[in-house]
Amino acid sequence: MRNEKSIEIRSIEQKKIDNILEVAFEMYIEEKNYNLIYKIQGGIEKVPLLCDAVVVSFIVYAVKYGLSFYSKYPITQKLYYNLTKHVIPQLSLANKTENAMIHIDMPITDEIFDSSWVGTGISLGVDSFATMHEYLE
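Quick caveat: nothing in here was measured; it's all calculated off a predicted structure. (Residues numbered from 1 in each chain as written. Predicted model: local features only at pLDDT ≥ 70, side-chain atom pairs only at ≥ 80, totals over all residues. Heavy atoms only, no water.)

Right, let's talk about the packing of helix H1 (residues 52–65) against helix H2 (residues 77–94) for a bit. The interhelical angle for the contact between H1 and H2, taken along N-to-C directions, is 15 degrees, at an axis separation of 10 Å. Classified by the interaxial angle, the pair formed by H1 and H2 is roughly parallel. Of the two possible hands of crossing, H1 and H2 adopt the one that is right-handed. In contact with Asp52, Val55, Val56, Ile59, Val60 and Val63 of H1, H2 contributes Leu79, Leu83, Val87, Ile88, Leu91 and Ser92. (Axes fitted to C-alpha atoms, helices over the stretch in contact; angles between N-to-C directions. Helix = DSSP H or I, 4+ residues; strand = E, 2+ residues; numbered from the N terminus. Parallel < 35°, antiparallel > 145°, perpendicular 65-115°, else oblique. Left-handed = near helix turned anticlockwise from the far one by under 90°. Contact = heavy atoms within 4.5 Å.)

This next bit is on the pattern of salt bridges. One pass over the structure, following the stated rule, counts 3 salt bridges. Close ionic contact of Lys16 with Glu45 constitutes a salt bridge, the shortest N to O distance being 3.6 Å. Of this pair, Lys16 sits in strand E1 (residues 6–17) while Glu45 sits in the loop between strand E3 (32–41) and H1, and the two are 29 residues apart along the sequence. Notably, a salt bridge pairs Glu22 with Lys39, separated by 3.7 Å at the nearest N-O pair. Highlighted residues: Glu22 in strand E2 (residues 20–29) and Lys39 in strand E3, separated in sequence by 17 residues. (Salt bridge = Lys/Arg side-chain N within 4 Å of Asp/Glu carboxyl O.)

Attention now moves to the side chain of Ser68. Among the secondary structure elements, Ser68 is positioned in strand E4 (residues 68–71). At 2.9 Å, the side chain of Ser68 and the backbone nitrogen of His103 are in polar contact. (Polar contact = N/O pair within 3.5 Å; in protein donor to acceptor, adjacent residues only side chain to side chain.)

Turning to the sheet that holds E3, a few remarks are in order. Two pairing modes exist for strands in a sheet, parallel and antiparallel, and in both the strands are linked by backbone hydrogen bonds. Here 5 strands make up an open sheet; going across it, the order is E3-E2-E1-E4-E6 and the pairing mixed. Each of the sheet's edge strands pairs with one partner strand only, and the pair in question is E3 and strand E6 (104–105). As paired strands, E1 and E4 are joined by 4 bridges and run parallel to one another. Bridge pairing in E4 places Ile9 opposite Ser71. (Pairing = 2+ DSSP bridges.)

Before going further, it helps to spend a moment on the pairing of E4. The alternating pattern of E4 places Ser68 and Tyr70 and Phe69 and Ser71 on opposite faces, both of which are buried. As defined by bridge partners, E4 adjoins E6 across 2 bridges and the pair is classed as parallel. Bridge pairing in E6 places Phe69 opposite Ile104. (Buried < 20%, exposed > 50% of the residue type's maximum accessible area, 1.4 Å probe, protein only.)

This part takes up the packing of aromatic side chains. Evaluated as defined, the whole model comprises 3 aromatic pairs. Geometrically, the ring pair formed by Phe25 and Tyr38 is edge-to-face, given 5.7 Å between the ring centres and 85 degrees between the ring planes. Of this pair, Phe25 sits in strand E2 while Tyr38 sits in strand E3; the two residues are 13 residues apart in sequence, bridging distant segments of the chain. Classification of Phe25 as buried rests on a relative accessible area of 3%. Judged by centre distance (6.3 Å) and plane angle (80 degrees), the rings of Phe58 and Tyr61 are edge-to-face. In this pair, Phe58 and Tyr61 both sit in helix H1, 3 residues apart, roughly one turn of the helix. A residue is classified by how much of its surface remains accessible, and Tyr61, at 35% relative accessible area, is partly exposed. The ring of Tyr28 is capped by Arg10, whose NZ or CZ atom sits 4.1 Å from the centre of that ring. (Phe/Tyr/Trp six-rings, centres within 6.5 Å; stacked < 30°, edge-to-face > 60°. Lys NZ or Arg CZ within 6 Å of the ring centre and 35° of its normal.)

Given below as structure tokens:
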């Protein structure tokens with residue numbers, strides 16, 4: 001446990017249920033335990049044990065509330081670079097609190113994701129519709 005306000009990713013587990021791969025992240029956020037579960041369809045057998053999905057999912061929340069990321073599991077080098085050099089500084093400028101600059105304290109790997117995967121939220125805005133249009137079969 002850390003004294004600093006943080007999002008700590010403690011474990012990553014995968015299990016196949018029928019044709020769905022469940023990837024579960026055990027997390028500790030501000031003195032509470034959580035389980036975040038992603039369900040991946042399409043015959044995927046396993047995914048790399050990386051923190052990228054969690055960090056991307058929580059980056060805006062983390063900057064807003066001044067929560068740094070910690071884990072023994074790695075983050076990809078490309079994502080780490082883009083977050084620390086571009087995304088976090090820009091989000092921090094928009095966040096007027098004094099704790100806006102956060103840290104990502106986890107190993108860095110140059111492992112590359114299969115580029116055929118695409119994830120998006122669906123805000124009903126033009127960007128999410130464009131992503132769906134471009135990548136859905």
